[in-house]
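# An overview of the molecular structure
The chain contents come next:
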Amino acid sequence: MSSLQPVRGTHDLLPDENRRHRRVIDTVREVSGRYGFDEVTTPIFEKTEVFARTLGDTSDIVTKEMYTFEDKSGDSITLRPENTAGVARAFISGGLAQSLPLKFIYQGPMFRYERPQKGRQRQFHQVGAEILGVESALADVEIIALGAHFLDALGVLDQATLELNSLGDSDSRAAYREVLVDYFSSHKDKLSEDSRERLGRNPMRILDSKDQGDRVIIADAPQIADSFNDTSKAFFDAVLAGLETAGVAYTLNSKLVRGLDYYCHTAFEFTTDALGAQGALVAGGRYDGLIKQMGGPQTPGTGWAAGVERLAMMIEKPEDAARPIAMIGLGDEAEVKALTLTQQLRHAGFRVELGYSGNMKKRMKRANNVNAAAAVIIGDDELAKNVATVRDMETGDQLEVPLASLEDHLARYR
RNA sequence: GUGGCUGUAGCUCAGUUGGUUAGAGCGCCUGGUUGUGGUCCAGGAGGCCGGGGGUUCAAAUCCCCUCAGCCACCCCA
């Protein structure tokens, strides 16, 4: 047991795990490309205000989960807890309002100071997609369709449910908030302590409380749809109609809310019960007010983010790397020849593992451990005859092959 | 920040009511094979029993503290 441990909530991605992550990221790149998305990368840290101003002063992310520090110039810097604010900042900094609409994906590490548990770490990875500058509900339809397509390509869509809700526009949302506060206030004495706290800070959050007592009260709470004005209702109807046309199955969930302040209208989550308490695989919604709130031009946006670790846990084990050819040189002169041949074969497109040290037995064992399809053995005998001994690692058959035709012979193991 | 469970070899785990030198499987190393892996046989290395303190003639085992891991709450991807 080593005393040198990684920082709590961080993990090394060793090759097997790395392959899983890569599969998730490769998949989002490939699928989103078909929808016309391009990848952007923003810094993993930003000035603290980028997150503090946009995520809402009362959100837990801002109040207790940010990794914030002062750099040597005295600026307050924060490791990004999510990437939508970073993309919005890049949109403003780069003057991208000239080239709307924009469709971006991103991927990379995010940081939140939380207690680790299943599917949750302090440094974790997200992939995300954003459409900027489209007022039409069609953008929401496309962004959700992309999410479904992405999960399908990973082979996990059948284990996921698309839950959908609308928060309405800011007027509807404010009106709903009022009736909701009235309702819950009249039952305040029966609410859980957590929910009483939420009543003042973020009353809509009470709706997804897990407390049994709360659930009884929530069951009779006013529905958000009853507070919708015509605009909000029309927008939501358009999203639903679009999803049906696009062939994306959904379940309405009027209790689905968003923790972050900048969301409006469409809110959705692809959830699963395969990962314990952490059900959200892909989550997002519309954020028409965000960019303006950050000081940019009024620009609508819609998007989602997905947890790479969570998806990596759900996908089938990716295939092992292709089997290499093991190159074994025995003796000083032969080792030089082996290196020459190795580079020649690599440039010809073969995967070649060069044995570094040890006797024949050791090198053969190494060849076996790297799952080599064949071993190419060069010793003094071979050198003298200008041949190589090629051993098929599966059958154990081996034969001498003239160096001139080595590439042709090895083609079968490629 | 709160709660529950768990920390023994590189990995997965045994270890009795506290009692001699803490074990197994897998992996690793050496040999059986002078230039042949994967199977087989023989042998070997590897442990401050998470860390600290306490109780006791005696602690992996009991008590306290602490750290870490897992799971759950809050919150969230």
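Since this is a predicted model, take the numbers as computed values, not measurements. (Residues numbered from 1 in each chain as written. Chains lettered and ligands numbered in written order. Predicted model: local features only at pLDDT ≥ 70, side-chain atom pairs only at ≥ 80, totals over all residues. Heavy atoms only, no water.)

## So, the sheet that holds strand β16 (residues 398-402)
- An order of β13-β12-β14-β15-β16 is seen for the 5 strands of this open sheet, with the pairing classed as mixed. Both outer strands of the open sheet, β13 (352-354) and β16, are each paired with one neighbouring strand and no more. Taken over all neighbouring pairs, the strand axes of this sheet differ in orientation by 25° on average, direction set aside.
- Note that strand β12 (residues 325-329) and strand β14 (residues 374-378) share 5 bridges and pair parallel. Within β14, the position partnered with Gly329 by the bridge is Ile378. (Pairing = 2+ DSSP bridges. Helix = DSSP H or I, 4+ residues; strand = E, 2+ residues; numbered from the N terminus. Axes fitted to C-alpha atoms, helices over the stretch in contact; angles between N-to-C directions.)

## Describing the confidence of the model for chain A
- Of all residues in chain A, 96% attain a pLDDT of 70 or more, and the chain-wide mean is 91.
- At the level of chain-chain contacts, confidence expressed as ipTM amounts to 0.85, with global pTM at 0.91. (pLDDT = per-residue confidence, 0-100.)

## What to know about the pattern of salt bridges
- The final tally for this structure, using the stated rule, is 13 salt bridges.
- Between Arg34 and Glu30 there is a salt bridge, with the nearest N and O atoms lying 2.8 Å from each other. On the criterion of helical spacing, the pair formed by Arg34 and Glu30 is a turn pair, its members being 4 residues apart in helix α1 (residues 15-34).
- Overall, Arg34 belongs to the exposed group, its relative accessible area being 56%.
- For Glu30, a relative accessible area of 44% gives the class partly exposed.
- For Arg286, the salt bridge identified is with Asp140, shortest N-O distance 2.6 Å. A residue pair is termed long-range when its members are at least 10 positions apart, and Arg286 in strand β10 (residues 280-286) and Asp140 in helix α5 (residues 137-154) qualify at 146 residues. Comparing Arg286 with Asp140 shows no difference in burial state: the two are buried. (Salt bridge = Lys/Arg side-chain N within 4 Å of Asp/Glu carboxyl O. Buried < 20%, exposed > 50% of the residue type's maximum accessible area, 1.4 Å probe, protein only.)

## Some words on the pairing of strand β9 (residues 264-271)
- Judged by how many residues are buried, β9 sits mostly within the fold: 8 of 8 residues are covered.
- Where strand β7 (residues 161-166) lies against β9, 6 bridges are found, and the strand directions are antiparallel. By the bridge assignment for β9, Leu164 is matched with Phe268.
- Direction of pairing for β9 relative to β10: antiparallel, over a ladder of 6 bridges. Directly across from Phe270, in β10, lies its bridge partner Val282.

## Observations concerning the pairing of strand β11 (residues 301-307)
- Summarising burial for β11: 7 of the 7 residues are buried, a large majority.
- The alternating pattern of β11 places Gly301, Gly303, Ala305 and Gly307 and Thr302, Trp304 and Ala306 on opposite faces, both of which are buried.
- One ladder, built from 7 bridges, connects strand β6 (residues 123-132) with β11; its direction is antiparallel. In the sheet register, Ile131 faces β11, and the bridge partner there is Thr302.
- With 5 bridges joining them, β10 and β11 adopt antiparallel strand pairing.

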